[in-house]
Structure formats: C-alpha cells, structure tokens
Amino acid sequence: MQCDNIINTLAPCLVQSGWNGDLANFASIFLGVIILATFPLLVTIVLIWFERKFAARIQDRLGPNRVGPFGLLQPFADVIKLLGKEDITPAGADKLIYNIAPVMMVMSVLLIWAVVPLSPIHVGMDLEIGALYIISVASFGTLSVIFASWSSNNKYALLGAFRVVAQLISYEVPLALSLLIPVMLAGSMSLVDITQAQAGMWFIFVAPLSAILFFISSQAETGRAPFDLLEAESELVAGFNIEYSGMKFALFFAGEFMHVFTNGVLMAVLFAGGYIGFGGLENSIPLLGIVFLFLKASVFYMLSLLIRNAIPRVRIDQLMNFNWKFLVPVSIVNVVMMAFLLKVVQALGIAPTPELANDFVANIPQTLVLFAGNVVLGLLVMNTVSSRIRKERLQESANRAIVPMGAGD
Amino acid sequence: MNFGEGLTPEAFAFGLFTILTLGGALGVVTSLNLVRAAIWLMLTLFGIAGYFVLLSAPFLASVQVLVYIGAIGILFSFAVMLTRGMTNLKERFNDQWWLAGLAALTAFVLLMVGVIVPAFGNSGAPVSDQVTTTVDLGVALVSGNQYVLPFEVASLLLTAAMIGAIVIAREDD
Amino acid sequence: MVPLWMYLTVAAALFSIGMYGVLARRNAVAVLMGIELMLNAVNLNLIAFWRYLTPFNMSGQAFAAFVLVVAAAEVAVGLAIIIAVYRNRQSVEVEDVDMLKG
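Procedures and definitions
Residues numbered from 1 in each chain as written. Chains lettered and ligands numbered in written order. Predicted model: local features only at pLDDT ≥ 70, side-chain atom pairs only at ≥ 80, totals over all residues. Heavy atoms only, no water. Helix = DSSP H or I, 4+ residues; strand = E, 2+ residues; numbered from the N terminus. Buried < 20%, exposed > 50% of the residue type's maximum accessible area, 1.4 Å probe, protein only. Contact = heavy atoms within 4.5 Å. Areas by Shrake-Rupley, 256 points an atom, 1.4 Å probe, with all protein chains shown as cover. Buried area = accessible area lost by both parts, 1.4 Å probe. Salt bridge = Lys/Arg side-chain N within 4 Å of Asp/Glu carboxyl O. Polar contact = N/O pair within 3.5 Å; in protein donor to acceptor, adjacent residues only side chain to side chain. Expected span 1.5 Å × (residues − 1). Core = buried A, V, L, I, M, F, W, Y, C linked by side-chain atoms within 4.5 Å. Lys, Arg positive; Asp, Glu negative; His and termini not counted. Domains from an automatic or database assignment.

### Side note on the overall build of chain A
Counting secondary structure elements, chain A contains 14 helices and zero strands. When burial is assessed residue by residue, chain A has 47% of its 409 residues classed as buried. In chain A, the proportion of contacts linking residues at least 24 apart, taken out of those at least 6 apart, comes to 75%. As displayed, chain A has an accessible area near 20300 Å², and 70% of this comes from carbon and sulfur atoms.

### Concerning the arrangement of the chains
No other pair of the two pairs of chains in contact has as many contacts as chains B and C. The two units chain A and chain C are non-contacting; their minimal C-alpha-C-alpha distance is 15 Å.

### Section: the interface of chain B and chain A
Counting residues at the interface gives 27 residues for chain B, matched by 25 residues for chain A. Both faces combined, the contact of chain B with chain A buries some 2400 Å², and carbon together with sulfur accounts for 76% of it. Linking chain B to chain A there are zero salt bridges. On the surface where chain B and chain A come into contact, there are two residue pairs in polar contact (both at pLDDT 80 or more).

### Brief notes about helix H6 (residues 155–186) of chain A
Here H6 of chain A contains 32 residues, and its C-alpha end-to-end distance of 47 Å stays within 8% of the 46 Å for a straight helix at 1.5 Å per residue. Two residues or fewer after H6 of chain A comes Gly 187 of chain A, characterised by a positive phi angle close to 80 degrees.

### A look at the environment of Ile 204 of chain A
Structurally, Ile 204 of chain A can be placed in helix H8 (residues 203–206). Those residues in contact with Ile 204 of chain A that sit more than four places away from it in its chain are Ala 211, Phe 271 and Phe 300 of chain A.

### Overview of the nonpolar core
General note: in soluble globular proteins, nonpolar side chains tend to be found buried as a group. Residues Leu 185 and Phe 261 of chain A, Phe 76 of chain B together with Tyr 7 and Met 33 of chain C are the most contacted members of the largest nonpolar core, which totals 161 residues. Each residue touching Tyr 7 of chain C, except ones within four places of it in the same chain, is listed here: Glu 10, Phe 14, Tyr 51, Leu 54 and Leu 55 of chain B together with Val 2, Leu 44, Ala 48 and Tyr 52 of chain C.

### Observations concerning the side chain of Lys 53 of chain A
All names here are of chain A. Along the chain, Lys 53 turns up in helix H2 (residues 21–58). Buried and without a salt bridge, Lys 53 has Asp 60 as its closest oppositely charged side chain, separated by 12 Å. Within the structure, Lys 53 has its side chain in polar contact with the backbone oxygen of Leu 62 (distance 3.3 Å). From its side chain, Lys 53 meets the backbone oxygen of Pro 64 in a polar contact 3.0 Å long. Once you skip the residues sitting within four places of it in the chain, Lys 53 turns out to touch Leu 62, Gly 63, Pro 64, Asn 65 and Phe 70.

### A closer look at the domain arrangement of chain A
Residues and elements named next belong to chain A. Domain boundaries in chain A define domain 1 (1–83) and domain 2 (85–338). When each unit is reduced to the centre of its C-alpha atoms, the spacing between domain 1 and domain 2 is 20 Å. Taken together, the contact between domain 1 and domain 2 spans 19 residues of the former and 23 residues of the latter. When domain 1 packs against domain 2, the two sides together hide about 2100 Å² of surface, and 77% of this comes from carbon and sulfur. For domain 1, the biggest contributors to the area lost against domain 2 are Leu 36, Glu 51 and Leu 82; these three give 28% of the whole. Taken together, the connections running from domain 1 to domain 2 amount to one salt bridge. Between Glu 51 and Arg 308 there is a salt bridge, with its nearest N and O atoms 2.4 Å apart. The tally of links between domain 1 and domain 2 comes to five residue pairs in polar contact (both at pLDDT 80 or more).

### Things to note about the pattern of salt bridges
All names here are of chain A. Inspection of the entire model under this criterion finds four salt bridges over all chains. The salt bridge partner of Arg 52 is Asp 78, with a shortest N-O separation of 2.8 Å. Taken together, the residues Arg 52 in helix H2 and Asp 78 in helix H3 (residues 74–83) connect sequence positions 26 residues apart. Taking relative accessible area as the criterion, Arg 52 reaches 34% and is therefore assigned partly exposed.

As structure tokens, this is what we get:
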C-alpha cells in the first residue's frame with residue numbers, strides 16, 4: 001500500500017467499507033487539508049511561549065514561569081483569558097466585514113503552507129507556479145488590514161491602516177524581485193523543484209544578497225520590528241486593530257506569529273535547502289525531512305526574534321525611503337547581475353552538467369563565481385551608501401559652522 | 001469521476017465559479033454602499049481567477065489574484081475612502097437606469113442569439129487535452145519572433161501610467 | 001468537459017452587467033468598477049477560446065496578459081484623475097463634472 005498520498009491511503013479503506021468512490025476521494029482530500037491546516041496552528045501554540053521567553057531573557061527578566069513548568073502552559077492560559085472576554089462589535093461597524101477581517105488574515109498565512117514541501121514525498125500540492133502563488137496569497141493579508149480598519153468605523157484605525165497598507169504594498173516589490181533569484185537558479189517556479197535543485201549547493205551560498213533582501217522584505221511584510229508600525233504598541237493607540245478585542249484580536253495576534261514562522265520556513269525552503277539534510281538521509285527516512293526543515297526554519301525564526309528585540313523602530317518616511325531608494329534598486333541590479341553571471345558561467349563551461357547537478361564538489365566553481373559577484377555588488381552598495389552619508393554629514397557640519405558667524409549682532 | 005449523470009467535479013467547480021462571478025457582478029452594479037461594491041468586485045475577480053485555473057492557465061490566475069485583487073482592489077478601496085469621507089451616504093442611480101438596463105439586456109441577447117449560438121452552439125470538448133505550460137508562455141513573451149515587442153511596450157506603458165498617476169494625484173505645493 | 005458556449009455565455013453576461021454598471025451609476029468610481037467587469041469578461045473570452053480552439057499557440061494567453069496590464073494602468077490613471085477632480089470640486093458624481101473651466 002502506498003503511503004505518500006492521502007488519497008491512495010485512506011480512500012481504498014473507505015471504499016471497502018461501502019462509501020461511494022469519489023465521495024471517498026473527496027473525504028480523504030478534505031481530511032488531508034484539515035491535517036495540513038492544523039499543523040501551523042499547533043506550531044503557533046509553541047511559538048507564543050517561545051517568543052515571550054526569548055524576549056524576556058534578552059531584556060534580563062524571567063518571562064512566563066508560573067503556569068506549568070517553565071511557563072510552558074502559558075499559551076493555554078492566554079487562550080482561556082481571551083475566550084472569556086466579551087465579544088464587542090463597535091456601533092456603526094459593518095458587521096460582516098468586521099468579522100471576516102481576522103479570518104482573512106489567518107487565511108493568508110495558512111494558504112502558504114499548501115505549497116511548502118515538507119519532505120521528499122509529502123507536499124500539500126505541487127503547484128507549477130508555487131513561488132508566484134506565495135506572493136499572490138500574501139496580498140490577502142493586505143486586504144484584511146483594509147477590511148479591519150474600514151469596518152471599525154474609527155478615524156484612528158483608518159489613519160493607521162493607510163500607513164500600514166502603504167508599507168505592505170511597497171515591500172512586496174523587493175520580496176518578489178528577490179524571490180526571482182531562486183526561481184532563476186532552479187529553472188522553475190515550483191517549490192519542490194527549487195528544493196531539489198539545492199541538492200548540490202544551498203542557494204544561500206550562491207546568492208547571499210538575495211537571501212538578505214528576502215529576509216528584510218519578509219520582516220517588513222509581517223510587520224516585525226524594526227518595521228512594526230503595524231502594531232506600534234507604544235504609539236498610535238494600537239493602529240488598525242484598535243477596535244478588536246477577545247478572540248478576534250487573538251486571531252490577528254496568532255496570525256502574525258504564524259506569519260513570522262512561515263517566513264522562516266520559506267527562507268529555509270528557498271535558500272537553505274528545505275528538507276535536504278546531510279548524506280541523503282531524508283531520502284531513506286522521509287520524516288527526517290520535516291525535522292530538518294523545522295530546524296532550519298527555527299534558525300531563521302530565532303534570527304528574526306533577535307533582530308526584533310534589539311533594534312528600534314523606524315519612522316514611516318524612513319521606511320519608505322529605505323524601500324524605494326535602497327531595496328528596490330539593489331534588488332533590480334541584483335536580478336540583472338545574477339542573470340548575467342549565470343550566462344557567463346554557462347559560457348565558460350564551469351556550470352555543473354545535469355548529471356552532476358547533485359554533487360557538492362561539481363557545484364563549487366559556479367558557486368564561487370556567483371558568490372563573488374554578490375560580494376562585489378554588496379561592497380559597491382555599501383560604498384555608495386556610506387559615501388553619500390559622509391557627504392551629508394560633512395555638509396551638515398559645514399552648515400552648522402557657517403550660521404554662528406551670521407547670527408546675532 | 002462521476003457524482004451522478006454528468007455532474008463531474010469540473011462542472012461542479014464551473015457552477016461554483018459562475019455563482020461567484022455573476023453574483024458578485026450583480027452586487028457591484030446594484031450595491032448602494034460603495035465599500036460593499038468594492039468587496040463584491042473583489043469576489044468577482046476571484047471567481048474569474050477560478051475560471052482561469054479551470055482553463056489550464058494557472059499563471060494568469062495567479063497574476064489575476066496578485067494584480068487585480070491585491071493591487072487594483074486595494075486602489076478601489078482607497079479611492080472610495082478618500083472621496084467620501086466618513087459619512088455613509090447612500091449612492092443613487094441615474095434617472096435613466098431603466099434605459100441602461102434595457103441596453104444591457106439587448107446587448108446580451110444580441111450577443112447570444114447573433115454570435116454565440118450560431119457559431120459555437122454545438123461546440124463541445126476542447127481540441128486537445130494537453131496544453132502548453134508556463135515555460136512556453138515565458139518563451140513566447142521574450143522570444144524574438146513572438147511577443148517581445150508588445151512586452152516591452154507594455155512595460156513602457158506601465159511606467160508612463162505610474163508617473164502620470166503620481167503627477168496627477170499629487171497636491172500642488 | 002464543460003462546453004465552450006457556456007464560458008462564452010458567462011463572459012457575455014458579465015459584459016452586459018458591466019455595461020449596465022457604466023451606464024447607470026452616478027459615482028465615477030462605480031463607473032470604473034463597471035469598466036473593470038467588462039475587461040474581465042474580455043479576458044475570460046480570450047482564455048476560453050485559447051483553451052478550446054488553439055491550445056498550442058500562446059497568442060491567447062499572451063493577449064490576455066496584455067489586457068490585464070492595460071487594465072491595471074488604466075485603473076491607476078483613472079483613479080488618480082478622480083482624486084484630482086474630487087480635490088477641485090468636492091464631488092465625484094459624473095453629472096457634476098460638466099464644465100471645462102473650474
């Protein structure tokens with residue numbers, strides 16, 4: 001009996017016990033969808049505890065330690081508290097849209113998990129256009145912010161939402177452009193193909209600049225610090241979800257945590273080899289693929305937690321400047337440079353031939369060339385930025401030196 | 001797979017997307033509250049994306065969701081919010097709405113009777129079950145003897161539209 | 001599979017509904033929404049014809065992609081114009097914008 005597809009496994013059992021043929025297929029697909037959708041929700045429960053402990057230890061305090069050993073049952077205490085709150089709908093709010101907005105936010109994250117390859121034989125759906133699907137689904141989260149702010153019938157929510165939507169839409173551009181690099185290197189948009197193309201060399205060594213750009217853009221897409229104007233707990237009276245309380249607020253909250261972990265998973269799949277471990281182990285024990293994937297995702301998740309707890313918030317105009325004047329030009333030049341270098345490598349003949357594509361040693365020359373190209377571009381960018389900043393600083397001190405001479409008499 | 005006489009899953013999906021699309025379109029043109037109309041529009045566009053998936057064009061379906069729902073839908077919501085203020089005025093129709101309805105109905109009947117039924121009334125299954133893939137679409141868009149020139153012109157058009165929209169909507173300082 | 005004329009009927013119905021929206025609505029943004037419906041009906045037509053009659057020639061899909069691009073550009077410029085008009089006249093009803101000089 002085959003085990004890699006839930007239709008092959010469950011449907012024959014149902015048919016044997018008397019179900020109709022395609023009703024059994026439909027029921028087994030439905031069950032598979034439910035299992036795959038519950039997976040990230042269960043992970044979120046652990047994430048709530050982990051994030052609070054991590055943030056607390058960085059800030060030199062203990063974190064949750066009362067509920068259960070080491071505070072491990074804290075998420076359950078949170079859920080019970082939030083479930084017990086009164087379910088308020090503000091007066092004049094558009095009830096249907098008000099209730100749909102948090103659901104759409106969680107939906108936009110869960111839909112990403114449908115294309116992530118969890119192991120060599122387990123994947124929700126091997127879409128031909130997996131990478132493009134991820135970006136399309138991320139736009140649902142932007143929609144949910146608009147729905148939430150408009151239906152709250154609150155001026156401040158609306159104002160907060162304008163800035164948030166501007167941030168979310170702007171950072172989709174470098175996200176999509178840096179997503180192009182793994183697609184180019186693997187020759188296909190399907191996430192399964194991208195993962196299998198990294199059997200020779202992980203893409204984070206081949207294209208480190210793209211990995212950094214993707215990481216920064218995905219942090220801005222979720223609204224994580226330093227781009228967390230979305231929540232800004234200490235500023236604009238909590239932003240677009242000001243009128244949400246109780247379980248609906250919990251949905252927004254949990255959706256954001258899930259989104260950060262999903263970004264870690266995407267970084268692992270696109271740049272760090274996904275389910276590929278060492279020595280081809282995941283081909284003989286496919287469940288180890290899931291373990292490897294989650295280990296790599298946790299590394300990126302912890303990196304984002306570190307950045308969140310250590311760096312202050314940026315202003316909205318600094319955010320927009322950073323995106324349109326720095327990230328977008330760098331990602332465009334990066335795409336052009338990588339395409340050019342790939343062709344150069346093929347012309348020079350040092351690209352690995354198709355039958356040697358999975359060999360580590362055969363990939364090294366190509367990796368060295370592309371890595372060198374990335375490093376050169378990174379140094380160029382840093383030089384440009386630092387020289388411009390130096391010019392501004394010199395100009396500012398020159399201006400300050402002139403003024404006292406003319407003032408006062 | 002057959003659920004009954006001829007109700008294949010594909011027919012079921014077609015019916016579902018038809019309800020989404022036509023129901024959403026009716027909601028767009030009859031809704032008095034403009035924000036609701038924008039939401040019906042997004043539902044309609046989602047139905048069209050579903051049709052594209054049924055018709056073996058997954059790339060266009062994804063681009064439809066990304067561009068129409070993720071960008072144009074948000075543009076419409078912003079435009080509705082920025083040109084109304086926070087008052088919930090109910091929009092009204094023209095005085096000649098019945099004439100417009102008559103014109104639309106005439107157009108539909110003319111299209112059906114004049115074009116669709118004579119020319120394609122007895123068309124059935126598609127010509128072939130295999131289709132080209134997304135790779136072929138990519139090749140077609142950049143290959144020298146196919147569509148590279150319209151592709152470049154389209155990118156120029158988008159740049160011009162972007163700059164023009166910013167210039168028009170900017171406040172005069 | 002679903003016969004071709006069903007897709008064409010849906011596209012024709014969508015086009016007619018969009019036409020009604022353009023002709024019968026007072027608000028300029030609502031008129032633009034009707035135009036979007038018409039453009040989507042055209043796209044559906046193109047892809048249906050491509051799939052059923054010429055699935056090996058990429059013209060259908062490429063053409064639909066270009067229609068999508070042009071529709072996006074048109075919506076952006078149209079909404080910018082509407083916002084500029086609103087700033088001048090405080091109203092976006094198409095019946096109020098009837099004089100050339102402000």
